[in-house]
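# Notes for the structure review
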Amino acid sequence: MSEANKALAREFFEAVWNQHNPGAADTYFAADYVDHNLVLPGQPQGVAGARAVFESFIAAFPDVHFTIDTQLAEGDMVATRWTATGTNSGPLMGMPPSGKPITVTGIDIVRIAGGKIAERWGMFDGLAMMQQVGAIPAPQA
């Protein structure tokens with residue numbers, strides 16, 4: 001079961017992020033999906049909220065690519081440590097595109113139920129992303 005759950009998580013990253021297809025969320029997320037770490041201001045809960053995040057970030061980084069660095073699974077839980085790269089070519093949270101490249105890391109932990117992602121806990125280095133696009137000054141060495 002753990003290997004099948006890891007495969008589902010990998011397929012999600014490939015279909016939604018790497019193929020730039022936010023609509024694929026409907027294939028991978030349960031109808032009653034719960035995100036425990038909402039990303040966008042005013043983000044709705046559920047599949048619609050997840051799709052809004054994917055649409056927003058793919059619009060901001062149209063060439064985004066996620067690499068899965070590590071995956072661990074136990075029972076119905078899958079932890080995925082990832083690295084995302086891309087170029088800020090579209091608006092990002094109300095800011096104009098900077099044209100700058102980013103490399104950001106994060107971790108998602110998902111619970112799989114009935115062959116779909118039912119819950120997510122996730123964190124990514126949003127500060128580094130904002131520094132790399134020039135929205136927040138980077139610390140001086």
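An account of the accompanying structure is given in this report. Bear in mind the structure is a predicted one, so any value in this text is a computation, not a measurement.

### Focus: the nonpolar core
Residues Phe 12, Trp 17, Phe 29, Phe 54, Phe 61 and Ile 117 are the most contacted members of the largest nonpolar core, which totals 35 residues. Those elements that place two or more of their residues in this core are α1 (2-18), α2 (25-28), β1 (29-35), α3 (46-60), β3 (77-87), β4 (101-113) and α4 (126-132). Those residues in contact with Phe 54, other than ones at most four positions away along the chain, are Phe 12, Val 16, Trp 17, Pro 22, Ala 25 and Phe 29.

### Focus on the pairing of β4
What you see with β4 is a clean split: Ile 102, Val 104, Gly 106, Asp 108, Val 110 and Ile 112 sit on the buried side and Pro 101, Thr 103, Thr 105, Ile 107, Ile 109, Arg 111 and Ala 113 on the side with no burial. With eight bridges connecting them, β4 and strand β5 (residues 116-124) associate as antiparallel partners. Within β5, the residue paired with Gly 106 across the bridge is Phe 124. Counting the residues between successive antiparallel strands, the hairpin from β4 to β5 contains two residues, one of them, Gly 114, with a positive phi of roughly 60°.

### What to know about the packing of aromatic side chains
Per the stated rule, a full pass over the model turns up eleven aromatic pairs. An angle of 65° between the planes, with centres 5.1 Å apart, marks the rings of Phe 12 and Phe 13 as edge-to-face. Assigned by exposure class, Phe 12 and Phe 13 land together as buried. Measuring from centroid to centroid gives 5.4 Å for Phe 12 and Phe 29, while their planes differ by 85°, and the two rings are edge-to-face.

### Focus on α3
End to end, α3 covers 22 Å across 15 residues, agreeing with the expected 21 Å (1.5 Å per residue, within 8%). Restricting attention to buried positions, one finds in α3 the residues Gly 46, Val 47, Gly 49, Ala 50, Val 53, Phe 54, Phe 57, Ile 58 and Ala 60. Take α3 and look down its axis: the buried residues cluster within an arc of 165°, on one side only.

Here is what the cut-offs are and how they apply
Residues numbered from 1 in each chain as written. Predicted model: local features only at pLDDT ≥ 70, side-chain atom pairs only at ≥ 80, totals over all residues. Heavy atoms only, no water. Core = buried A, V, L, I, M, F, W, Y, C linked by side-chain atoms within 4.5 Å. Buried < 20%, exposed > 50% of the residue type's maximum accessible area, 1.4 Å probe, protein only. Helix = DSSP H or I, 4+ residues; strand = E, 2+ residues; numbered from the N terminus. Contact = heavy atoms within 4.5 Å. Pairing = 2+ DSSP bridges. Phe/Tyr/Trp six-rings, centres within 6.5 Å; stacked < 30°, edge-to-face > 60°. Expected span 1.5 Å × (residues − 1). Arc of directions from axis to C-beta.

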